[in-house]
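# Reading the structure
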Amino acid sequence: MVSGLINANPVVYEKKERRARSASSCVNDEDIKDPEHPYSLEELKVITEDAIEVDDERSYVRVTFTPTVEHCSMATVIGLCLRVKLMRSLPPRFKVDIMVAPGTHATEAAGKHTLPLHYVLVCIFYSESFLKVNKQLNDKERVAAALENPNLVDMVDECLAPTFD
């Protein structure tokens, strides 16, 4: 896991019982660990079953995830873990979109309150960052380049490694 925690005290939720779905059984978030904590993405509510859209007829899967904090620098790694999990699990006919949930970053607050200019500028930076994250996670060349980085691949593999509770 990562040293220097971004979210030192995440809220941990109870795992829910799964409903049966076709291709979504490959999108099993309970066995994807957070890159920063010893909890699954499900336990941290980074991913929920409702945030996984599967259209078997159109061969399409969309996963929308919510980082635990609005300034999460692990969002790209989490998205990459989700993408790799799906690449390894789904038939190649599926098109996959991985997205950071709208409204999960600082820009929402900037439009609703009177804030100091420096805070608004930080909010704009994070808004652009999350748009970049969505773009990066759905760009085949960027994903391929990321998967050529051995340190990043090791981190992804660690997050996807099975756990035996």
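The written sequence of each chain sets the order in which its residues are numbered from 1. Whole-chain, interface and lining totals are the exception, using all residues; otherwise, since this is a predicted model, local features are given only for residues with pLDDT of at least 70 and side-chain atom pairs are given and counted only at 80 or more. Here the side-chain values reflect all heavy atoms present in the structure, with hydrogen atoms and water set aside.

### What to know about the sheet that holds strand β2 (residues 60-65)
Note the cut-off: For two strands to pair, DSSP has to find at least two bridges joining them. In this text, helices come from DSSP runs of H or I with a minimum length of four residues, and strands from runs of E with a minimum of two, each type numbered from the N-terminal end. All axes are obtained by fitting lines to C-alpha atoms, using only the stretch in contact for helices, and the reported angles, taken between N-to-C directions, cover 0 to 180 degrees.
Taken in spatial order, the three strands of this open sheet run β1-β2-β3, and their pairing is mixed. At either margin of the open sheet sits one strand with a lone partner, and together these are β1 (52-55) and β3 (95-100). Ignoring strand direction, the axes of neighbouring strands in this sheet form an average angle of 10°.

### Concerning the nonpolar core
Quick note on the threshold: For our purposes a nonpolar core is just a set of buried Ala, Val, Leu, Ile, Met, Phe, Trp, Tyr and Cys residues, chained together by side-chain atoms within 4.5 Å. Think of it in three bands: residues with accessible area under 20% of the maximum for their type are buried, residues over 50% are exposed, and the middle band is partly exposed, with areas taken using a 1.4 Å probe on protein chains only.
Core analysis: the biggest nonpolar cluster contains 32 residues, and V63, F65, L82 and I98 have the highest contact counts within it. Looking at this core, the elements that each hand over two or more residues are β2, α1 (75-89), β3, α3 (117-137), α4 (140-146) and α5 (150-160). Examining the composition of this core, we find that eight residues originate from one element, α1, more than from any other.

### Some points on the layout of surface pockets
Our working definition: A cavity, in this analysis, means grid points on a 1 Å lattice covering only the protein atoms where a 1.4 Å probe fits yet has no way out; a pocket is instead an open set bounded by protein on both sides within 12 Å along at least five of seven lines, and a residue lines either one if it has an atom within 4 Å of a point. Grid points are joined across faces, edges and corners, and a volume is the space filled by probe spheres set on the points. In this classification, the charged set is Asp, Glu, Lys and Arg, the nonpolar set is Ala, Val, Leu, Ile, Met, Phe, Trp, Tyr, Cys and Pro, and all remaining amino acids, among them Gly, are polar.
Estimates place the volume of the largest pocket at around 370 Å³. Considering the residues around the largest pocket, the lining is formed by 17 residues, among which R83, M87, F94, V96 and K140 are closest to the centre. In the lining of the largest pocket, the residues fall into eleven nonpolar, one polar and five charged.

### Describing α1
We apply this condition: One less than the number of residues in a helix, times 1.5 Å, gives the span that helix is expected to have.
The end-to-end C-alpha separation of α1 is 21 Å, in line with the 21 Å expected for 15 residues at 1.5 Å each. Of all the 15 residues making up α1, eleven are buried; the element is thus mostly covered by neighbouring parts of the structure.

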